[in-house]
Amino acid sequence: MAAAMFEGWENFYLIVGPSAGALIGLMFVVVTLTAGRERDATERGKHLYTSPIVWHLGVVLLLSGAAVAPSMNAKLFGVLASALSLLGIAMGVRSTIGIARDQLSGPKDSVFDTWWYGVIPTAVYVGLAAAAVSVLLGWSWSATAVGAALMALLLVSIHAEWDLVTFLAPMAGPPAERSSTRRKR
């Protein structure tokens, strides 16, 4: 039973899960910083940057909730974590390839983005997949592995969200300037 497996971890998951939920809410604010930008660039950015961040945070929120759900058993948790890991790996590979392609036609300084938005989250999902397998096999360290993987995913997401905000905010311009631009149209 997962409740016994995660015994003593309740406070951890009751901190990590809601933190991810709050950061998902902040992503709505981040998206508003894209207002007035070229539609093609915004769509490309959404698929390569913002959607993966929301996905990562959603995984942290969902698995944190599942870890403290009284009726969750270890097998179901392991299967859920495995499935989310595989989807996360696929998303990370997609982001890595997409950002790398943009490097060929765009600024060469996005190697940083390739690592932080693609490669590193993918590596964390590989770790989460290993943790999920350890849950399925009933290994004694599985609770620690799941906790470490979710904390790593939360921290990678915080870094990515911060990077995204510091990239978008200076380009948005002051609020008065944006509203006067809209009136001119």
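Residues numbered from 1 in each chain as written. Predicted model: local features only at pLDDT ≥ 70, side-chain atom pairs only at ≥ 80, totals over all residues. Heavy atoms only, no water.

Let's shift gears to the overall build of the chain. Regarding its fold elements, the chain presents 7 helices and 0 strands. Counting from the amino terminus, helix and strand elements in the chain follow one another as α-α-α-α-α-α-α. In the chain, which comprises 185 residues, the share counted as buried stands at 41%. With an accessible surface of roughly 9900 Å², the chain has 70% of that area assigned to carbon and sulfur atoms. (Helix = DSSP H or I, 4+ residues; strand = E, 2+ residues; numbered from the N terminus. Buried < 20%, exposed > 50% of the residue type's maximum accessible area, 1.4 Å probe, protein only. Areas by Shrake-Rupley, 256 points an atom, 1.4 Å probe, with all protein chains shown as cover.)

Now for the confidence of the model for the chain. This prediction gives the chain a mean pLDDT of 87; 88% of its residues lie at or above 70. At the level of individual helices and strands, the chain shows its lowest average pLDDT in helix 7 (residues 175–184), which scores 48, and its highest in helix 5 (residues 111–137), which scores 96. Confidence drops under a pLDDT of 50 for residues 178–185, and excluding neighbours within four residues, the segment shows 4 contacts in the predicted structure. (pLDDT = per-residue confidence, 0-100. Contact = heavy atoms within 4.5 Å.)

Right, let's get into helix 2 (residues 10–32). Here helix 2 spans 34 Å end to end across 23 residues, near enough to the 33 Å set by a 1.5 Å rise per residue. Among all positions in helix 2, only Tyr13, Val16, Gly17, Ala20, Leu23, Ile24, Met27 and Val30 are buried. (Expected span 1.5 Å × (residues − 1).)

Here the structure, examined in full by the defined rule, presents 8 aromatic pairs. With a centroid separation of 5.3 Å and 90° between ring planes, the pair formed by Trp9 and Phe12 is classed as edge-to-face. Centroid distance Phe12 to Tyr13: 5.0 Å. Interplanar angle 85°. Geometry classified as edge-to-face. Clustering of aromatic rings is evident, with ring pairs tying together Phe6, Trp9, Phe12, Tyr13 and Phe77. (Phe/Tyr/Trp six-rings, centres within 6.5 Å; stacked < 30°, edge-to-face > 60°.)

Looking now at the environment of Phe28. Tracing the chain through its elements places Phe28 in helix 2. Each C-alpha atom of the pair Phe28 and Val54 lies 9.7 Å from the other, and the pair is 26 residues apart in sequence.

With that out of the way, let us pick up the nonpolar core. Ranked by size, the top nonpolar core spans 43 residues in total, and within it Phe6, Leu63, Phe77, Val146 and Leu164 carry the most contacts. At the level of elements, helix 2, helix 3 (39–68), helix 4 (74–105), helix 5 and helix 6 (142–172) are the ones that each hand at least two residues to this core. Top element by residues in this core is helix 6. It accounts for 11 residues. Not counting the four nearest positions on each side in its chain, Phe77 is found in contact with Met5, Phe6, Leu63, Ala66, Ala67, Met72, Val135 and Val146. (Core = buried A, V, L, I, M, F, W, Y, C linked by side-chain atoms within 4.5 Å.)

Its location among the elements puts Asp163 in helix 6. Relative accessible area serves as the criterion here: at 19%, Asp163 is assigned to the buried category. If near-sequence neighbours (up to four positions away) are discounted, Asp163 is found in contact with Phe112, Asp113 and Tyr117.

Running from N to C, helix 2 and helix 3 point in directions that differ by 150°, and their axes come no closer than 8 Å. What the angle tells us is that helix 2 and helix 3 run roughly antiparallel. Crossing of helix 2 against helix 3: the hand is left-handed. In contact with Glu10, Tyr13, Leu14, Val16, Gly17, Pro18, Ala20, Gly21, Leu23, Ile24 and Met27 of helix 2, helix 3 contributes Thr50, Ile53, Val54, Leu57, Gly58, Val60, Leu61, Ser64, Ala67 and Val68. Tallied by class, residues from the contact of helix 2 with helix 3 come to 15 nonpolar, 5 polar and 1 charged. (Axes fitted to C-alpha atoms, helices over the stretch in contact; angles between N-to-C directions. Parallel < 35°, antiparallel > 145°, perpendicular 65-115°, else oblique. Left-handed = near helix turned anticlockwise from the far one by under 90°. Nonpolar A, V, L, I, M, F, W, Y, C, P; charged D, E, K, R; others polar.)

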